[in-house]
Amino acid sequence: MGLLLSVIDQNFPPKATWGVNDIPDLSGKVVIVTGGNSGLGKETARALLSHNAKVYLGCRDAGRAQEAIEDLKKDTGKDAHLLQLDLADLHSVKSAVVEFQR
Ligand SMILES: NC(=O)c1ccc[n+]([C@@H]2O[C@H](COP(=O)([O-])OP(=O)(O)OC[C@H]3O[C@@H](n4cnc5c(N)ncnc54)[C@H](OP(=O)(O)O)[C@@H]3O)[C@@H](O)[C@H]2O)c1
């Protein structure tokens, strides 16, 4: 019975009660979005920029990040910033932290 209810819940989720338009003004907030050059990360960056957050895209490929930054600028009028970061490489993670703090 629990499994049946779970299958129904997963396939017919309730209407969302909170969405991107409910995000308050984020002026003065600084956010690092990992994987921000595509998929969920890019959409997250778009929503945050639209609400005036300062956004750093933590990306391993500067070229793909730059394309995303240009796309996001076209859509939101705001500049995201590149933070070069490969999450699979601890040296890169450390460098990114040092760069971010600087
Ligand atoms: N729980 C859920 O229901 C659910 C649903 C959907 C997605 N997810 C999860 O959410 C995450 C994002 O999904 P998505 O669909 O947006 O995926 P995606 O489009 O494949 O995006 C993944 C992002 O992560 C970056 N990335 C991968 N490895 C990296 C590394 N070592 N260092 C830095 N960046 C790295 C990729 O950069 P490159 O362009 O350089 O590869 C890309 O920007 C995934 O982990 C996915 O499994 C969960």
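Structure shown above.
In this text, all values refer to a predicted model and were calculated from it rather than measured experimentally.

J.: Before we move on, can you summarise the site of the ligand with the specific residues and values?
T.: In the neighbourhood of the ligand, the contacting residues comprise Gly-35, Asn-37, Ser-38, Gly-39, Leu-40, Arg-60, Arg-64, Leu-85, Asp-86, Leu-87 and Ala-88. The separation between an oxygen atom of the ligand and a polar main-chain atom of Gly-35 is 3.2 Å. Within the side chain of Asn-37, a nitrogen or oxygen atom sits 2.8 Å from an oxygen atom of the ligand. In the complex, the protein chains occlude 44% of the 920 Å² of accessible area that the ligand would expose alone. The class makeup of the residues in the shell around the ligand is four nonpolar, four polar and three charged.

J.: Which residues make up helix α2 (residues 39-50), and what are the values?
T.: Relative to the 16 Å expected for 12 residues at 1.5 Å per residue, α2 spans 17 Å between its end C-alpha atoms, a close match to the ideal helical length. Inspection of α2 places Gly-41, Lys-42, Ala-45, Arg-46, Ala-47, Leu-48 and Leu-49 among the buried residues, and these make up the whole buried set. Buried residues along α2 sit against β1 (30-34), β2 (54-59) and α3 (62-76). At the exit of α2 stands Asn-52, carrying a positive phi of roughly 75 degrees.

J.: With reference to specific residues and values, describe a nonpolar patch on the surface.
T.: Among the surface-exposed residues, Met-1, Leu-4, Leu-5, Ile-8 and Phe-12 lie close enough to one another that they form a single nonpolar patch of about 600 Å² accessible area. Locating Met-1 in the fold gives a position in the segment before α1 (2-11). On the basis of relative accessible area, Met-1 is assigned to the exposed category, the value being 74%.

J.: Before we move on, can you summarise the packing of aromatic side chains with the specific residues and values?
T.: Remark: the centre distance and the inter-plane angle together describe each pair of aromatic rings, the angle taken between the planes. Tallied over the entire structure, the rule returns one aromatic pair. Here the aromatic rings of Tyr-56 and Phe-100 are separated by 5.3 Å at their centres, their planes lie at 90 degrees, and the arrangement is edge-to-face. Taken together, the residues Tyr-56 in strand β2 and Phe-100 in helix α4 (residues 90-101) connect sequence positions 44 residues apart. In this structure Phe-100 comes out as partly exposed when scored by relative accessible area, which is 33%.

J.: Go over the side chain of Ser-92 with me, naming the residues and quoting the values.
T.: Its place among the elements puts Ser-92 in helix α4. Here Ser-92 falls in the buried class, since its relative accessible area comes to 16%. Contacts of Ser-92, omitting those with residues within four sequence positions, involve Gln-84, Leu-85 and Asp-86.

Reading the values: rules and limits
- Residues numbered from 1 in each chain as written.
- Predicted model: local features only at pLDDT ≥ 70, side-chain atom pairs only at ≥ 80, totals over all residues.
- Heavy atoms only, no water.
- Near = heavy atom within 4 Å.
- Polar contact = N/O pair within 3.5 Å; in protein donor to acceptor, adjacent residues only side chain to side chain.
- Areas by Shrake-Rupley, 256 points an atom, 1.4 Å probe, with all protein chains shown as cover.
- Nonpolar A, V, L, I, M, F, W, Y, C, P; charged D, E, K, R; others polar.
- Helix = DSSP H or I, 4+ residues; strand = E, 2+ residues; numbered from the N terminus.
- Expected span 1.5 Å × (residues − 1).
- Buried < 20%, exposed > 50% of the residue type's maximum accessible area, 1.4 Å probe, protein only.
- Contact = heavy atoms within 4.5 Å.
- Patch = residues over 30% accessible without salt bridge, like charges linked within 9 Å, V, L, I, M, F, W, Y side chains within 5 Å.
- Salt bridge = Lys/Arg side-chain N within 4 Å of Asp/Glu carboxyl O.
- Phe/Tyr/Trp six-rings, centres within 6.5 Å; stacked < 30°, edge-to-face > 60°.

None of this, on its own, says anything about what the molecule does.
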